[in-house]
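Survey of secondary and tertiary structure
As a plain string of letters, each chain reads:
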Amino acid sequence: MKYSSIYIVSISTLLGSLWLSGCTPTVKIEPPDKPIVINLNVKIEHEIRIKVDKELDTLIENDELF
């Protein structure tokens, strides 16, 4: 009689765990039907300023340095 109650508890525990494992959520990853469109309205402006001293300018023009 003692063994039969242990078997019933173990079988019910096993069945309960199987029943609960069937309730786990699933995650599906699917590609979209339509292509992804990204609209970017970007205005890029740049300004480069180079200031050279007159002495440096004369050194650059000197052919002996290079």
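The sections below set out a description of the structure shown in this document. Here the structure is a predicted model, which is why all the values come from computation and not from measurement. (Residues numbered from 1 in each chain as written. Predicted model: local features only at pLDDT ≥ 70, side-chain atom pairs only at ≥ 80, totals over all residues. Heavy atoms only, no water.)

1. Details of the overall build of the chain
Of the regular secondary structure elements, the chain holds two helices and zero strands. The burial tally for the chain puts 0% of its 66 residues in the buried class. Accessible surface computed for the chain: about 7800 Å², of which carbon and sulfur atoms make up 61%. (Helix = DSSP H or I, 4+ residues; strand = E, 2+ residues; numbered from the N terminus. Buried < 20%, exposed > 50% of the residue type's maximum accessible area, 1.4 Å probe, protein only. Areas by Shrake-Rupley, 256 points an atom, 1.4 Å probe, with all protein chains shown as cover.)

2. Some words on the pattern of salt bridges
Considering all chains together, one arrives at one salt bridge under this definition. One salt bridge in this structure joins Lys 43 and Glu 45, with 3.1 Å as the shortest N-O distance. For the pair Lys 43 and Glu 45, one class covers both residues: exposed. (Salt bridge = Lys/Arg side-chain N within 4 Å of Asp/Glu carboxyl O.)

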